[in-house]
Amino acid sequence: MAVLDVDGRLTPDVRVNFSNGDRVTTDTTGRALFVAPLNPGPISAVIAGHPGRIITTILSPTEASSDTLEVTSAPRIASLADRFELSGRKFCADADANNVTVGGIPALVLASSPMSLIVLPPDKLPPGNTDIVVSCQKRVSEPFTMRFVELSLQANSSPLSPGDHRTLIVHVRGTLGKIALEARNLAPAIADLAGGNPTRVSSSGGEENLAQFQLVGKQRGNFVVSIRLVAPQAPPQPSASP
């Protein structure tokens, strides 16, 4: 398990409480290793003293069993600056025991289970199609391809005042296709995000591929908005490399 702050950085010494009564605290790397409960079914986790709840499902050993390492689903498109999830079988439960290469460059595995990996792309990776390979304990997946895009934000970051209207423009580089973006208002006392919180929009596609979000000031202060690419999981696209 990994705990990330608002900027996506691993956060140490955070206590997490599970709905079954278990508790863990992240280590100096911002992660914690724990044994899943024996009983299959949903389980939730909360950070002590903070709102918000994450829910996952515990599977039976039979459902999770496999003889070979395989990736069964992955996003077709991902952001160069954000984590993405790979689903499959026979991954290593210890995040650091997994090796994920993106374009031949090692990526950081933030969190893992035998059936899921949360991966952060390596630095300085260029936008475009890239081959992914997953390995663990001499088991190696078939290579598959994902497209990575670069998102850049254009916005006036000066403090808002009541009634101020502010447009946030997200430029997309690495694809001419339309992509879905989700904005989450992290300072709702300062501003309202048009369309609700969170809200999703589609980029325009084309050469000037961009998306826009609108803010309206409620009181004077600095706004904080998190914007992420939203891409559904799909069977992995086989690599075109020989």
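Up top you'll find the structure we're talking about.
This report concerns the structure included in the present document. Just so you know, these numbers come straight off a predicted model, no measurement behind them.

Along the backbone of the protein chain there are 1 helix and 22 strands. The C-alpha atoms of the protein chain give a radius of gyration of 20 Å, which matches the 18 Å a tight globule of 242 residues would have. With the C-alpha coordinates aligned to their principal axes, the bounding extent of the protein chain is approximately 60 × 50 × 30 Å. Of the contacts formed within the protein chain by residues at least 6 apart in sequence, a portion of 58% connects residues at least 24 apart.

Paired through their backbone hydrogen bonds, the strands of a sheet run either parallel or antiparallel. Across the sheet, 3 strands lie side by side as β18-β16-β20; this open sheet has antiparallel pairing. Each having just a single partner strand, β18 (199-202) and β20 (225-230) make up the two edges of the open sheet. Taking each pair of neighbouring strands and ignoring which way they run, the sheet shows an average axis angle of 25 degrees. In this sheet, β18 lies alongside strand β16 (residues 180-185) in antiparallel orientation, the contact comprising 4 bridges. The partner of Glu 182 across the bridge, within β18, is Arg 200.

There is a patch of nonpolar side chains on the surface, built from Val 6, Leu 186 and Val 224 and spanning about 240 Å² of accessible area. With respect to the helices and strands, Val 224 occurs in the loop between β19 (210-217) and β20.

Cut-offs applied
Residues numbered from 1 in each chain as written. Predicted model: local features only at pLDDT ≥ 70, side-chain atom pairs only at ≥ 80, totals over all residues. Heavy atoms only, no water. Helix = DSSP H or I, 4+ residues; strand = E, 2+ residues; numbered from the N terminus. Rg over C-alpha atoms; globule rule 2.2 N^0.38 Å. Contact = heavy atoms within 4.5 Å. Pairing = 2+ DSSP bridges. Axes fitted to C-alpha atoms, helices over the stretch in contact; angles between N-to-C directions. Patch = residues over 30% accessible without salt bridge, like charges linked within 9 Å, V, L, I, M, F, W, Y side chains within 5 Å. Areas by Shrake-Rupley, 256 points an atom, 1.4 Å probe, with all protein chains shown as cover. Salt bridge = Lys/Arg side-chain N within 4 Å of Asp/Glu carboxyl O.

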